[in-house]
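Residue-level listing of the chains:
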Amino acid sequence: GSRLFVGDLSYEIDTDQLRKFFEKWGPVNDCFLPQDRTTGKPRGFGFVTFRDAADAKLAVAQADGTELDGRQLRVNVAEDTRGPPPPTQPTQRASKWGTKAEDDEDDERERRYEADEDAAKPDFGLSGALAKDENTGNVYKGHVLKWTEPDDARKP
């Protein structure tokens, strides 16, 4: 590759100085000096990208171990630590979330579960019955009290 890792850099060096140093071996496309996120100060290493891989190879051979700003440099080909990008697979909403029919079935299952849960709740001494839909037989959410005589509803 044409991207080099440069280690053991002086903390005082800037990208212009780094570029000027490496241009002895060929045209440099980019210089990057990572900084500490909290302090904003250089981290003591950097990356230099050459236009040609042959120039980068020559720079590794000749610059590794040389001195820059009072520090002995470590220079080698940079490794890509990010790894390959994950394969992209087209996602289809129907296969990921379910079809409309499956969604409706899930909703119905949820309604029945909630009704069963409501039926299991205590009635605290009230006499009542769960109201059911006459067409489907499904239980309505919540309790509906039924009295056989209208006067029963008025009794304490």
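Trainee: Before we go on, may I ask you to explain the pattern of salt bridges in this structure?
Mentor: Proximity of charged atoms lets side chains of opposite charge pair with each other. In this structure the tally under the stated criterion is one salt bridge. Across the salt bridge formed by Asp8 and Arg74, the nearest N and O atoms sit 3.1 Å from each other. Of the two residues, Asp8 is situated in the loop between strand E1 (3–7) and helix H1 (15–22) and Arg74 in strand E6 (residues 74–77); the sequence distance between them amounts to 66 residues. Residue Asp8 is classed as partly exposed on the basis of its relative accessible area of 31%. With a relative accessible area of 41%, Arg74 lands in the partly exposed category.

Trainee: I keep staring at the nonpolar core and nothing clicks. Help me out?
Mentor: In globular proteins that are soluble, nonpolar side chains generally tend to be buried together. Ranked by internal contacts, the top residues of the largest apolar core, which has 19 residues, are Val6, Leu9, Leu18, Phe22, Val48 and Phe50. Secondary-structure elements contributing two or more residues to this core are E1, H1, strand E2 (28–32), strand E3 (45–50) and helix H2 (53–63). Ignoring any residue separated from it by four or fewer positions in sequence, one finds Phe50 in contact with Ser2, Leu4, Phe22, Trp25, Gly26, Pro27, Val28, Asn29, Asp55, Ala56 and Ala59.

Trainee: Is there a simple way to think about the side chain of Asp55 in this case?
Mentor: Within the secondary structure, Asp55 sits in helix H2. Lacking a salt bridge, the buried Asp55 has Arg51 as its closest oppositely charged neighbour, with an N-O distance of 7.4 Å. Look past the residues within four positions of Asp55 in its chain and what remains in contact with it is Trp25, Gly26, Pro27 and Phe50.

Calculation notes
Residues numbered from 1 in each chain as written. Predicted model: local features only at pLDDT ≥ 70, side-chain atom pairs only at ≥ 80, totals over all residues. Heavy atoms only, no water. Salt bridge = Lys/Arg side-chain N within 4 Å of Asp/Glu carboxyl O. Helix = DSSP H or I, 4+ residues; strand = E, 2+ residues; numbered from the N terminus. Buried < 20%, exposed > 50% of the residue type's maximum accessible area, 1.4 Å probe, protein only. Core = buried A, V, L, I, M, F, W, Y, C linked by side-chain atoms within 4.5 Å. Contact = heavy atoms within 4.5 Å. Lys, Arg positive; Asp, Glu negative; His and termini not counted.

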